[in-house]
Amino acid sequence: MRKRAIVAVAVAALFSAACTNDAEQLLEEAEAGQPSEAGESAATPEPLIDTDDLISGGPPPDGIPPIDAPKFQPVDEVDWLVDDDPVLSLQIEDEAKAYPLQVMTWHEIVNDTVGGVPVAVTYCPLCNSGVAFERVVDGERYDFGTSGLLYADNLVMYDRQTRSLWPQLTGLASVGELTGTQLTAIPLGVTGFAQFREAFPQGKVLTRDTGFERPYGENPYAGYDDPDGSLLFDLPDGEDPRLPVKERVIGVEIDGDALAVRRQTVADRQVMEVEVGGQELVLWHTPGQRSALDTSAIAQGRDVGTVGVYDPQVDDRRLTFEPAGGGFRDDQTGSRWNVLGVATSGPLAGTQLTPVTHLDTFWFSWVAFKPDTALTE
């Protein structure tokens, strides 16, 4: 296995209780299924992935501890984040919450409820991927933990109810009793803290009061997002040479049609229109978010900016946009919009564009799960 030494050393140092046998035991339990009342394991479906490609990342199950009782504080009381600190931004109904990457890097999963919806908010540092899922399926509520396993360098979650295994980038149970069960993804943005605060002045922020002692604000994967860097482990199907493995891309899939857009292209254009699955989308980019995987202190990482992906239809009218003073302006009404898709002034003030579920991630991780993806460079 090909390892990137800086990450391997960091992980080993951080989780002294790591035990690969524990992760392997969880895999064996998932493959065997849950015992019946008679004490025998029920037959489980065939795995959807080759279990030989599930690799221990070092820590045991929940060695990277998920947050099960998250605590939040009002956004206007937060004094421990700088303006461009990266946060995961989630809005459901009238409730908006931010999950700082300086916390998520050390926990990866938060079992939470937002807008009355039980959710799992997840972040995989090795893929630089934030994904939120509803965690109720067919009336059953699931709680998720970190399995200690990786698939294509991606976090593999497990549910505590059946111990089935779920790669984070798909939200699809791939080994165990629930194999074939699909979680519903919820649009999740990655923004700078100030961008979240301005868009959601009544929002809440996940605090560092997690019940665990971690050096929040430090990045244990310093230098990991170097576009010319290598991966922690080899990929199951090898590398796709169309882009460097750690080139940042925006990935969107609609009705089985997958597209990756080179993130730098969006940054260069600021406004970009694409079509995926027959649906027209608009992609925006504005400065104001630091990389969580660049320097050892997240607050000192380089500015990679924030990307938003939206349906440009408003009240059956197709809007077109152009950059304007750090935000955006639509050509039809002259209204101003922020990168979180909210009109801040003009005739459409208060209107919010419909966000589109997407991944702001590395090329290797998107193409590993979407090998037939189209690419816009």
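To be clear, the structure that these remarks concern was listed above.
What comes next is a walk through the structure. All values derive from a computational prediction rather than experimental measurement. (Residues numbered from 1 in each chain as written. Predicted model: local features only at pLDDT ≥ 70, side-chain atom pairs only at ≥ 80, totals over all residues. Heavy atoms only, no water.)

Comments concerning the overall build of the protein
Alright, step 1. In terms of regular secondary structure, the protein is built from 6 helices and 29 strands.
Alright, step 2. Seen through its principal axes, the protein has C-alpha atoms that stretch 65 × 45 × 40 Å.
Alright, step 3. Going through the 377 residues of the protein one by one, you find that 56% of them count as buried.
Alright, step 4. Considering only contacts in the protein between residues 6 or more positions apart, those separated by 24 or more positions represent 63%.
Alright, step 5. Taking the average location of the 26 positive side-chain charges in the protein and that of its 61 negative ones, the two points are 7 Å from each other. (Helix = DSSP H or I, 4+ residues; strand = E, 2+ residues; numbered from the N terminus. Buried < 20%, exposed > 50% of the residue type's maximum accessible area, 1.4 Å probe, protein only. Contact = heavy atoms within 4.5 Å. Lys, Arg positive; Asp, Glu negative; His and termini not counted. Charge placed at Lys NZ, Arg CZ, Asp CG, Glu CD.)

A few points about the pattern of salt bridges
Alright, step 1. A full pass over the atoms with the stated rule returns 19 salt bridges.
Alright, step 2. Taking the shortest distance from any N to any O, the salt bridge between Lys 97 and Glu 95 comes out at 4.0 Å.
Alright, step 3. For Lys 97, a relative accessible area of 5% corresponds to the buried category.
Alright, step 4. A salt bridge links Asp 143 to Arg 135; its shortest N-O distance comes to 2.7 Å.
Alright, step 5. Note on Asp 143: relative accessible area 23%, which makes it partly exposed.
Alright, step 6. Residue classification places Arg 135 among the buried positions, given a relative accessible area of 3%. (Salt bridge = Lys/Arg side-chain N within 4 Å of Asp/Glu carboxyl O.)

What about the side chain of Thr 51?
Alright, step 1. Its location among the elements puts Thr 51 in the loop between α2 (20-32) and β1 (54-56).
Alright, step 2. Not counting chain neighbours up to four residues away, the residues in contact with Thr 51 comprise Leu 27, Glu 31 and Val 175.

Some remarks on the packing of aromatic side chains
Alright, step 1. Evaluated as defined, the whole model comprises 11 aromatic pairs.
Alright, step 2. With a centroid separation of 5.4 Å and an interplanar angle of 85°, the aromatic rings of Phe 144 and Trp 166 are classed as edge-to-face. Placement of the pair is Phe 144 in strand β10 (residues 144-151) and Trp 166 in strand β12 (residues 165-167), with a sequence separation of 22 residues. A single burial state applies to Phe 144 and to Trp 166, both of which are buried.
Alright, step 3. Geometrically, the ring pair formed by Trp 284 and Tyr 310 is tilted, given 5.2 Å between the ring centres and 50° between the ring planes. (Phe/Tyr/Trp six-rings, centres within 6.5 Å; stacked < 30°, edge-to-face > 60°.)

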